[in-house]
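Chain residues, written in single-letter form:
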There are 2 protein chains.
Amino acid sequence: MAAGRPRSFCTEKALDSAMQVFWRKGYEGASMVDLTEAIGINSPSLYAAFGSKEGLFRAVLERYDARRIAFMENLLAAPTAQEVAERFLHGVAEFAADTGGKNPPGCLLLQSGLSCGDSIIPDELARHRAEKEAALRERFERAVREGDLPRTANPSTLARYLSAMANGICIQAASGASTKELHEVAALALAAWPISGEPQTSVMEKESI
Amino acid sequence: MAAGRPRSFCTEKALDSAMQVFWRKGYEGASMVDLTEAIGINSPSLYAAFGSKEGLFRAVLERYDARRIAFMENLLAAPTAQEVAERFLHGVAEFAADTGGKNPPGCLLLQSGLSCGDSIIPDELARHRAEKEAALRERFERAVREGDLPRTANPSTLARYLSAMANGICIQAASGASTKELHEVAALALAAWPISGEPQTSVMEKESI
DNA sequence: TTCTTTTTGTAACGATCGGCATATTATTTT
DNA sequence: AAAATAATATGCCGATCGTTACAAAAAGAA
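A few points on the structure. (Residues numbered from 1 in each chain as written. Chains lettered and ligands numbered in written order. Predicted model: local features only at pLDDT ≥ 70, side-chain atom pairs only at ≥ 80, totals over all residues.)

**With respect to the overall build of chain A**
The helix and strand tally for chain A stands at 10 helices and zero strands. Its helices and strands in sequence order give chain A the pattern α-α-α-α-α-α-α-α-α-α, from N to C terminus. Oriented by its inertia axes, the alpha-carbon framework of chain A measures out at about 70 × 40 × 30 Å. Put simply, of all contacts in chain A between residues at least 6 apart along the chain, 60% involve residues at least 24 apart. (Helix = DSSP H or I, 4+ residues; strand = E, 2+ residues; numbered from the N terminus. Contact = placed C-beta atoms within 7 Å.)

As structure tokens, this is what we get:
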């Protein structure tokens, strides 16, 4: 059968370009002109490939999630819950301020649509955040079963705490905080972490921040 | 001199109505139609009173800030830095999920424009957040001078930590977290607080969350 | 070459955006 | 009552929104 005229653009590169636009301007703030110019194609090509602006955004979201899968898998495999928390918060602190110059600081899941008109995008993004929080919660439930966390620990609260902290750090990054400042915040947040055995040392004296 | 035809709407009530719209839909997501319908006036009246959509939003921001002045003044007057932190985080936790049914959960400073096109609104909102963070920092600097906080404590980091935590809590609220859940997160966050004297107790055992 | 298929570029669609010109209505002052 | 003033309602402005018809262009298959 015939193959037709070949595409003039790479789908993955197009998604990366679109991701930058959504990240910087938000979902509703990103116009089709912004997107097509960033990708370097005309709108009919974009609609043929992704269906709609929302379809393009969902494809971008998938790509964004895929890039973080390795990060999440790695930290969830940590031997102790505390190390999970440490890897999570410090990992977020690491990439929130410095995204390699390609994307703006902060988090796509926050920047692109906390509120945007009557769109369902905010709910979609909230669902994504909730999924990551659930992954943390399940890991902490296992930690309680294994005695890694005290019996009195509440996995849901711990996961929500980390999730909130991560979101707060992202907002700090978007407001211009440096990587060093974000790590200081992360370290301080981890001082609240419950330890089964030895008494807790204040991070203030431990790292003199 | 003549006084002309009297206004058909109350400015303050109009601002409250507009605040709800901006809060729920974000700055760019809130259309003039949304705003005029919510207020119950026609657009020329709105433009005569506030100049533009941006002017209306700035007026809403002022009103939003004014409503929180009492809250901030109260907590900054607390005798110790830890109590400042406690009042701040728990205060945020309190009004983030339950705004009295008038406004959506979350924080206007976050909901209305983390990212929105080429507008300068996000920067404006970031500036407002930075101001509150600066108020906390100055209070903690005083606490270090007064010996209320250990010499090794970093007021900037503590303020940034609380600000990030507050933002994270707001996002949690916007995602549907209950007031109880938010207070649990706030209590956990406060377990990281540096104490000069007695050893720190894990909040996990203290409140069994 | 001719046919088929797919993508491309051009151009335009209706809808909605924020904003405003104009004229009418309501009130106070003279 | 007449003039002056200010806010009202109606209707429309150009621009931009996301989206799509349409036909030319580029490839493989016949």
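**Quick word on the nonpolar core**
Core analysis: the largest hydrophobic core is formed by 124 residues, its most contacted members being Ile169 of chain A together with Ile169 of chain B. With near-sequence residues (within four places) excluded, isoleucine 169 of chain B lies in contact with Ala164 of chain A together with Val92, Ala93, Ala96, Leu182, Val185 and Ala186 of chain B. (Core = buried A, V, L, I, M, F, W, Y, C linked by C-beta atoms within 7 Å. Buried ≥ 20, exposed ≤ 12 C-beta atoms within 10 Å, placed from the backbone.)

**Topic: the packing of helix H1 (residues 11-25) of chain A against helix H4 (residues 53-76) of chain A**
Residues and elements named next belong to chain A. Packing of H1 against H4 leaves a shortest axis separation of 9 Å and a crossing angle of 100 degrees. When the axes of H1 and H4 are compared, the pair comes out roughly perpendicular. Seen from H1, the contacting residues are Leu15, Ala18, Met19 and Phe22; seen from H4, they are Leu56, Phe57, Ala59, Val60, Arg63 and Tyr64. (Axes fitted to C-alpha atoms, helices over the stretch in contact; angles between N-to-C directions. Parallel < 35°, antiparallel > 145°, perpendicular 65-115°, else oblique.)

**A few points about the environment of phenylalanine 95 of chain B**
All names here are of chain B. By secondary structure assignment, the location of phenylalanine 95 is in helix H5 (residues 81-97). On the neighbour-count criterion, phenylalanine 95 (19 C-beta atoms within 10 Å) is partly exposed. Along the sequence, phenylalanine 95 and alanine 173 sit 78 residues apart, while their C-alpha atoms lie 9.4 Å from each other.

**Some words on the protein's contact with DNA strand C**
For DNA strand C, the set of nearby residues contains 27 residues, the closest of which are Gly4, Arg5 and Ser45 of chain A together with Ser31 and Lys53 of chain B. The set of elements that each furnish at least two residues to the surface near DNA strand C consists of helix H3 (43-50) of chain A together with helix H2 (32-39) and helix H3 (43-50) of chain B. Across the surface near DNA strand C, the residue classes tally to 14 nonpolar, nine polar and four charged. (Near = placed C-beta within 6 Å. Nonpolar A, V, L, I, M, F, W, Y, C, P; charged D, E, K, R; others polar.)

**Describing the packing of H5 of chain B against helix H9 (residues 179-190) of chain B**
Residue and element names in this part refer to chain B. Where H5 meets H9, the axes come as close as 9 Å, and the angle between the chain directions of the two elements is 160 degrees. With respect to their mutual orientation, H5 and H9 come out roughly antiparallel. As H5 packs across H9, the resulting crossing turns out to be right-handed. Of H9, the residues touching H5 (which contributes Ala85, Glu86, Leu89, His90, Ala93, Glu94, Ala96 and Ala97) are Thr179, Leu182, His183, Ala186, Ala189 and Leu190. (Left-handed = near helix turned anticlockwise from the far one by under 90°.)

**Some words on H4 of chain A**
It helps to recall that an α-helix has 3.6 residues per turn; residues three or four apart then point in one direction. Residues and elements named next belong to chain A. Counted at 1.5 Å a residue, the expected span for H4 with its 24 residues is 34 Å, and the 34 Å between its end C-alpha atoms agrees. Arginine 68 marks the point of greatest bend in H4, at about 35 degrees. Along H4, the residues classified as buried are Leu56, Phe57, Val60, Leu61 and Leu75. Packed against the buried residues of H4 are H1, helix H2 (32-39), H3, helix H5 (81-97) and helix H7 (121-145). (Expected span 1.5 Å × (residues − 1). Bend = angle between axes of the 7 residues up to and from the residue.)

**Digging into the relation of the copies chain B and chain A**
The relation between the two copies of this chain is a rotation about an axis and a shift parallel to it. Superposing chain B onto chain A takes a rotation of 180 degrees plus a shift of 0.0 Å along the axis, which leaves an RMSD of 0.0 Å. Between the two chains, the operation in question is that of a two-fold axis. Take the interface residues of chain B: 100% of them recur as interface residues in chain A, which is what a same-surface contact looks like. (Least-squares fit on C-alpha atoms with pLDDT ≥ 70 in both.)

**Quick look at H1 of chain A**
Residue and element names in this part refer to chain A. The end-to-end C-alpha separation of H1 is 21 Å, in line with the 21 Å expected for 15 residues at 1.5 Å each. Buried residues dominate H1, accounting for 11 of its 15 residues. Taken as a whole, H1 has its buried residues at Ala14, Leu15, Ser17, Ala18, Met19, Gln20, Val21, Phe22, Trp23, Arg24 and Lys25. Where H1 is buried, its residues meet H2, H4 and helix H6 (108-111). Just past H1, the residue glycine 26 takes up positive phi, approximately 80 degrees.

**Details of the interface of chain B and chain A**
Each partner contributes to the interface: chain B provides 49 residues, whereas chain A provides 49 residues. Ranked by residues supplied to the side of chain B that touches chain A, first place goes to helix H8 (residues 155-174) of chain B with 11 residues. Here the side of chain B that touches chain A is composed, by residue class, of 25 nonpolar, 16 polar and eight charged.

**Re the environment of alanine 130 of chain B**
For alanine 130 of chain B, the location among the structural elements is in helix H7 (residues 121-145). For the pair formed by alanine 130 of chain B and arginine 160 of chain B, sequence separation is 30 residues and the distance between their alpha carbons is 9.1 Å.

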